[in-house]
Amino acid sequence: MSMLAVHLAALGSKLASYHEFLARYSKGASVVYAFVEGKEDPCFYRGFIDHMLPDEWDVELWPAGNKDQVYRIHSSIDWRRFPKSRICFFVDRDLSDIIPERLILDRNIYVTNGYSIENDVVKKAVCRRLLTELYGFAVADHKALDAVASLFEKELEVFLRKMVPIMTWIVHWRRRGERPNLNDILMRDLFVFVEGRLQCNPTPSGKGNVSLYIHDRCKITFDPGVEITPIMAEFEQGNVYRTLVRGKYVFWFLVKFCESVHQGASALFPGCAGVPKLNVTLSPTNGMAVIGTRARVPSSLRAFLESTFCAYINARTG
């Protein structure tokens, strides 16, 4: 197939990111290429990839829209013409293991360890960096910081367990072929923080309970006769819930925990008078660009990048 024909095929498929990649691709440039799912994903992956690349090399990333689109682009590329180790694809595991759904595997496709890349970012060490670098606790007593970091881990476990029934219903919906917009389930309706401690709203938005609330938000008729206990047991087995709670929900927890600690500084940090000055205002929406750069590269992602981008560059540069 000629390059013109390849471009026409890309236009015909309506995959704009694929067409842009073909237009930008340069055989001799010191560039590697990557496709991710959503518009927010480059904020995470770019920092991780840049950390692994030599100074004179760059990475170009394109959001494809969703996992299916990423896979479509991967299958559309003629791999006889392009080196696989130079063009990589990054997708979320989501609930593929528990639904189950088939994941397309290849040596240049990275699948996250947990639900999404956010799950690898929400860690105690990241929380501590946010508090010291962004929330004004740079000179806080180290013992107090240790106590708050321990509180973070404790409350995260509480949060993840509280999310099991919600994730169970989501699995049930997915197994039935339902595709609700999970962004409609608002964590702020379900939980609040008080001085770093998680509290639940038993009747979110005036609904009788959490199950009624999530069905109402996702516009799915609630069937009280559905037995979800077996699915809940699947989440409990092997502590699956610790990795397969939706990443955006877990990310919300991280941001709101830090906000709560900031607001409750006088109670959590002895000798702290008032609320420390904020260096950056974070939210679950804009926090990815800031927080992603403060997370360590997950070991599985490091190994993937070493076997693809790094291997390609080493072969090119000798």
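All of the points below concern the structure found in this document.

Definitions and limits used
- Residues numbered from 1 in each chain as written.
- Predicted model: local features only at pLDDT ≥ 70, side-chain atom pairs only at ≥ 80, totals over all residues.
- Heavy atoms only, no water.
- Pairing = 2+ DSSP bridges.
- Helix = DSSP H or I, 4+ residues; strand = E, 2+ residues; numbered from the N terminus.
- Axes fitted to C-alpha atoms, helices over the stretch in contact; angles between N-to-C directions.
- Contact = heavy atoms within 4.5 Å.
- Expected span 1.5 Å × (residues − 1).
- Buried < 20%, exposed > 50% of the residue type's maximum accessible area, 1.4 Å probe, protein only.

The subject of this paragraph is the sheet that holds strand E1 (residues 31-36). Spatially, E2-E1-E3-E4 is the arrangement adopted by the four strands of the open sheet, whose pairing is parallel. The open sheet has two edge strands with one neighbour each: strand E2 (58-63) and strand E4 (109-111). On average, each strand axis in the sheet is inclined to that of its neighbour by 25°, with strand direction left out of account. With three bridges joining them, E1 and strand E3 (residues 87-91) adopt parallel strand pairing. Residue pairing in the sheet places Ala-34 in a bridge with Cys-88 of E3. Of the strands in this sheet, E1, E2, E3 and E4 are in contact with helix H3 (residues 41-52), which crosses E2 at around 160°.

This paragraph deals with helix H8 (residues 164-175). Turn by turn, an α-helix covers 3.6 residues, leaving residues three or four places apart pointing in a common direction. The terminal C-alpha atoms of H8, which comprises twelve residues, lie 16 Å apart, in line with the 16 Å expected from a rise of 1.5 Å per residue. A large share of H8 lies buried, amounting to ten of its twelve residues. Where H8 is concerned, the buried positions are Val-164, Ile-166, Met-167, Thr-168, Trp-169, Ile-170, Val-171, His-172, Trp-173 and Arg-174. Where H8 is buried, its residues contact helix H7 (142-162), helix H9 (187-190), helix H10 (210-217), helix H11 (229-236), helix H12 (241-244) and helix H13 (247-263). Following H8 by one or two positions, Gly-177 has its phi on the positive side, about 90°.

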